[in-house]
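# Tertiary structure, described
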Amino acid sequence: MGLLDILLGRTKPVVADLDRLFALPSAAVTLEAAAGFTPTGRGAVCFATVEGAAFEQSHREVQALLDADTDRDGPPVELRQDDYGYSWLVSRRAPDQLSALVNDLHAVNSQMEVNGFGPQLLCSLAGFEDPSDRRLALVYLYKRGTFYPFAPLPDGTQRRDNALELQVRAALSGDLRIEQDLSRWFPVWGAPGL
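Residues numbered from 1 in each chain as written. Predicted model: local features only at pLDDT ≥ 70, side-chain atom pairs only at ≥ 80, totals over all residues. Heavy atoms only, no water.

### Notes on the overall build of the protein
Spelled out, the test is: Secondary structure is summarised from DSSP: a helix means a run of H or I of at least four residues, a strand means a run of E of at least two, and numbering begins at the N terminus for each. We call a residue buried when its accessible area falls under 20% of the maximum for its residue type, exposed when it is over 50%, and partly exposed in between, using a 1.4 Å probe and counting protein chains only. Pairs of residues are marked as contacts when any of their non-hydrogen atoms sit within 4.5 Å. The protein chains shown are the only cover counted for residues, whose accessible areas, like all others here, come from Shrake-Rupley with a 1.4 Å probe.
Of the regular secondary structure elements, the protein holds 5 helices and 6 strands. For the protein, the α and β elements follow one another from N to C terminus as α-α-β-α-β-β-α-β-β-β-α. Taken across its 194 residues, the protein has 42% of its residues classed as buried. Put simply, 65% of the contacts in the protein that link residues at least 6 apart link residues at least 24 apart. Carbon together with sulfur atoms contributes 54% to the accessible area of the protein, which is approximately 9,700 Å² in total.

### Details of the packing of aromatic side chains
Note the threshold: Here a pair means two rings of Phe, Tyr or Trp (six-membered ring of Trp) with centres within 6.5 Å. Their orientation is stacked below 30 degrees between planes, edge-to-face above 60, and tilted elsewhere.
The final tally for this structure, using the stated rule, is 3 aromatic pairs. Look at Y140 and F147: their rings are 5.1 Å apart centre to centre, the planes differ by 55°, and that puts the pair in the tilted class. Relative to W185, the ring of Y148 has its centre 6.0 Å away and its plane inclined at 20°; by these criteria the two rings are stacked. Of this pair, Y148 sits in strand β6 (residues 146–150) while W185 sits in the segment after α5 (162–172), placing them 37 residues apart in sequence. Residue classification places W185 among the buried residues on the basis of a relative accessible area of 5%.

### A word on the nonpolar core
Defined as follows: Buried Ala, Val, Leu, Ile, Met, Phe, Trp, Tyr and Cys residues form a nonpolar core when they are joined through side-chain atoms within 4.5 Å.
By size, the foremost hydrophobic cluster in this structure holds 52 residues, and its most contacted members are L31, W88 and F128. Beyond its immediate sequence surroundings of up to four residues, W88 is in contact with A44, V45, C46, E78, L79, R80, D82, C123, L125, V188, A191 and P192.

### Considering the sheet that holds strand β5 (residues 135–141)
Operational definition: Pairing between strands is defined by DSSP: at least two bridges between the two strands are required. Note on geometry: axes are C-alpha line fits, over the in-contact stretch for helices, and angles between N-to-C directions span 0 to 180 degrees.
One open sheet accounts for 6 strands, arranged β2-β3-β1-β4-β5-β6; its pairing is antiparallel. One side of each edge strand has no neighbouring strand; the edge strands of this open sheet are β2 (78–81) and β6. Here the strands of the sheet are splayed against their neighbours by 25° on average, with no regard to which way each runs. Pairing analysis gives 4 bridges linking β2 to strand β3 (residues 86–92), with the strands arranged antiparallel. By the bridge assignment for β3, R80 is matched with W88. In the packing of helix α4 (residues 98–114) onto the sheet, contacts are made with β1 (38–48), β3 and β4 (121–129), and the angle to β1 comes to roughly 5°.

### As for the pattern of salt bridges
For clarity, the threshold we go by: Any Lys or Arg side-chain nitrogen located within 4 Å of an Asp or Glu carboxyl oxygen qualifies as a salt bridge.
Counted according to the given criterion, the structure contains 9 salt bridges. Salt-bridge contacts for D17 lead to R20; the nearest nitrogen and oxygen are separated by 3.9 Å. Taking the relative accessible area as the measure of exposure, R20 reaches 24% and is therefore partly exposed. A salt bridge links R160 to E165, with the nearest nitrogen and oxygen atoms 3.0 Å apart. Here the two residues R160 and E165 agree in accessibility, since each one is buried. One salt-bridge network, held together by shared partners, links D130, R134 and D161.

Printed below as a string of structure tokens:
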């Protein structure tokens, strides 16, 4: 960044570092010790849907890549759309296979990026739950290169457990690069994979 950029208040966008996803398994150990949450084995990558044959081909390639995994026990990877029109590629693994789930999320992001659809990538998430059936997602913001916790209240309303989110932020600050701007902790209501 040059002097003119500093004087005009311009900043360079943060470059996504997909390798940060690989910190999730060690963060999961910390999360279990600090708050009792364990992986669900579910995760998803969210991206803005684009019309066109090239984007459809990229979807098919990513899905075929992940479905070809012979170690996958359970349903294949599925493509879903949420109520807001965003696409989610959902992966399911056994709860003790968080590393394999992270590999899936990384592969989806990488393949979309390689095919020129990096700007459409929005976030990735990995789901967690505690013994009292509270749900939590660790959300990776692709364009910011940071994580944040998302904890919907279990009562079915679109309200968040802010105290739990802040507790998780404090617990994982040494394991993950946590998004400091709380206004970027977007709710992902009804996200597949949560």
